[in-house]
Amino acid sequence: YGGMGLDFSYNIAVAEELGNIRCGGIPMAIGVQAGMTTPALTRFGSDELKKQFLVPTIAGDFVACLGISEAGAGSDVANIKTRAVKKGNEYVINGGKMWTTSGCQADWMCLLANTSEGPPHRNKSLICLPMNLPGIHVAKKIDKLGMRSSDTAQIFFEDVRVPTKNLIGEEGKGFTYQMLQFQEERLWGVATVLSPLETIIKETIDYTRQRKVFDQSVLHNQAVHFRLAELATEVELLRSLLYRTVALYVEGNDVTKFASMAKLKAGRLSREVTDSCLQFWGGMGFTSEVLVSRFYRDLRLMSIGGGTDETMLSIICKYMETLPTK
């Protein structure tokens with residue numbers, strides 16, 4: 001379908017390299033396109049759907065977005081309210097999506113909707129939804145704290161009709177498909193923060209070396225250079241956890257626990273590094289002229305998007321409870 005047929009470790013290599021872009025929004029938008037909207041379609045979609053949606057998305061001719069979060073359901077995916085009711089050979093969709101990355105410009109959406117009554121983990125389906133259909137309303141482009149170079153939309157659906165053949169895989173399996181997709185999304189996110197965190201630390205070292213306070217460089221203070229050494233060590237530990245998790249995933253293992261741990265640590269470390277380094281920049285760090293202030297805003301999303309820190313902790317706790325007691 002136009003891809004290179006490589007394993008997931010190459011996605012992570014690309015994600016880590018994209019971290020050298022001096023903002024968070026562009027790597028995130030590319031990640032949505034390459035690794036968040038398409039995994040379920042790739043694994044479970046029909047040949048017809050792949051030709052219609054996957055091929056042009058891989059080629060870059062289509063922009064794709066992911067329709068999961070809603071105003072009342074972010075990390076709590078099971079609580080979404082958008083419905084797709086089957087009528088003949090069509091689904092009729094009503095509801096809305098929130099925080100939709102690239103939603104203002106997308107050609108199609110990988111939509112998660114309730115397609116039946118019943119248990120919330122077994123009544124959902126993923127649907128390829130062209131974004132030019134009647135009844136789709138992009139209500140607004142959301143004004144955000146960070147990631148400002150990536151558009152984020154609020155979208156409403158009013159009696160939107162889409163062919164039932166646009167269903168990805170089996171009806172009622174959407175929640176399961178999305179949970180599989182989340183693991184790749186979270187690992188991509190972890191990979192994209194590694195280079196920015198290294199860059200921030202390096203630029204902070206350079207700045208504090210030349211910045212003089214009380215007749216000596218800021219870096220000369222033991223509290224400063226010890227703190228930067230500690231943060232650099234934490235970044236390397238995060239990289240090691242990511243690489244171990246990816247290796248296990250490529251071998252076919254369930255890496256939900258490790259991916260959740262890595263996502264949790266990446267979010268918290270992003271906040272810790274950017275906050276600590278911005279402090280060492282002093283008043284200059286509070287301006288928009290330096291990179292550390294941009295990453296302070298952009299990387300704050302890491303603890304929220306793709307599942308909050310609290311959601312990651314809940315997942316980790318569930319897996320810990322299955323471990324045998326010694």
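In this text, all values refer to a predicted model and were calculated from it rather than measured experimentally.

Observations concerning a nonpolar patch on the surface
On the surface, Y1, V55 and I58 cluster together to form a nonpolar patch covering roughly 250 Å² of accessible area. Within the secondary structure, Y1 is located in the segment before helix 1 (8–18).

With respect to the pattern of salt bridges
Within the structure shown, the criterion is met by 21 salt bridges. For the salt bridge of R22 with E203, the shortest nitrogen-to-oxygen distance reads 2.9 Å. You can see R22 sitting in the loop between helix 1 and helix 2 (25–36) and its partner E203 sitting in helix 5 (residues 174–210), a full 181 residues away along the chain. Salt-bridge contacts for E234 lead to K265; the nearest nitrogen and oxygen are separated by 2.8 Å. In this pair, E234 is assigned in helix 6 (residues 222–250) and K265 in helix 7 (residues 256–281), connecting sequence segments 31 residues apart. Beyond isolated ion pairs, a larger network of salt bridges with shared partners links E16, E198, E236 and R239.

Describing the domain arrangement of the chain
A common way to report how large an interface is uses the accessible area buried once the components associate. As assigned here, the chain comprises domain 1 (8–169) and domain 2 (176–320). A separation of 26 Å is found between the C-alpha centroids of domain 1 and domain 2. Carbon and sulfur atoms supply 64% of the area that domain 1 and domain 2 bury against each other, a total of about 3000 Å² over both sides. When the area that domain 1 buries against domain 2 is broken down by residue, the three leading residues are F8, E16 and R22, summing to 23%. The interface formed by domain 1 and domain 2 includes three salt bridges. Two residues, E184 and R43, come together in a salt bridge whose shortest N-O distance is 2.5 Å. At the surface where domain 1 touches domain 2, the tally comes to 13 residue pairs in polar contact (both at pLDDT 80 or more). Counting only elements with at least two residues in the side of domain 1 that touches domain 2, the list comes to helix 1, helix 2 and helix 3 (39–44). The residue inventory of the side of domain 1 that touches domain 2, partitioned by class, reads 21 nonpolar, 14 polar and four charged.

Looking at the side chain of S260
Structurally, the position occupied by S260 is in helix 7. Those residues in contact with S260, other than ones at most four positions away along the chain, are M312, I315 and I316.

Quick look at the environment of I80
Its place among the elements puts I80 in the loop between strand 1 (64–67) and strand 2 (83–87). Sequence separation between I80 and I142 is 62 residues; the distance between their C-alpha atoms is 20 Å. Once residues lying within four places of it in the same chain are set aside, the contact partners of I80 are I68, E70, A73, K97, L112, A113, N114 and K124.

Focus: the packing of helix 5 against helix 8 (residues 291–298)
It is at 10 Å that the axes of helix 5 and helix 8 come closest, and there the two elements cross at 145°. Here helix 5 runs over helix 8; the crossing is left-handed. Note on element contacts: helix 8 touches helix 5 through L291, V292 and F295, opposite P196, T199, I200 and E203. Across the contact of helix 5 with helix 8, the residue classes break down as five nonpolar, one polar and one charged.

Quick look at the nonpolar core
One finds L41, I168, L242, V273 and C277 to be the most contacted residues of the largest nonpolar core, which totals 63 residues. The biggest single contributor to this core is helix 5, with 13 residues. Three or more residues apiece are contributed to this core by two domains, here domain 1 (8–169) and domain 2 (176–320). Not counting residues up to four positions away in its chain, the partners in contact with L242 are I12, L187, V190, A191 and L194. Listed in part, the 18 residues of the second largest apolar core include A84, A106, A113 and F157.

Procedures and definitions
- Residues numbered from 1 in each chain as written.
- Predicted model: local features only at pLDDT ≥ 70, side-chain atom pairs only at ≥ 80, totals over all residues.
- Heavy atoms only, no water.
- Patch = residues over 30% accessible without salt bridge, like charges linked within 9 Å, V, L, I, M, F, W, Y side chains within 5 Å.
- Areas by Shrake-Rupley, 256 points an atom, 1.4 Å probe, with all protein chains shown as cover.
- Salt bridge = Lys/Arg side-chain N within 4 Å of Asp/Glu carboxyl O.
- Helix = DSSP H or I, 4+ residues; strand = E, 2+ residues; numbered from the N terminus.
- Domains from an automatic or database assignment.
- Buried area = accessible area lost by both parts, 1.4 Å probe.
- Polar contact = N/O pair within 3.5 Å; in protein donor to acceptor, adjacent residues only side chain to side chain.
- Nonpolar A, V, L, I, M, F, W, Y, C, P; charged D, E, K, R; others polar.
- Contact = heavy atoms within 4.5 Å.
- Axes fitted to C-alpha atoms, helices over the stretch in contact; angles between N-to-C directions.
- Left-handed = near helix turned anticlockwise from the far one by under 90°.
- Core = buried A, V, L, I, M, F, W, Y, C linked by side-chain atoms within 4.5 Å.
- Buried < 20%, exposed > 50% of the residue type's maximum accessible area, 1.4 Å probe, protein only.

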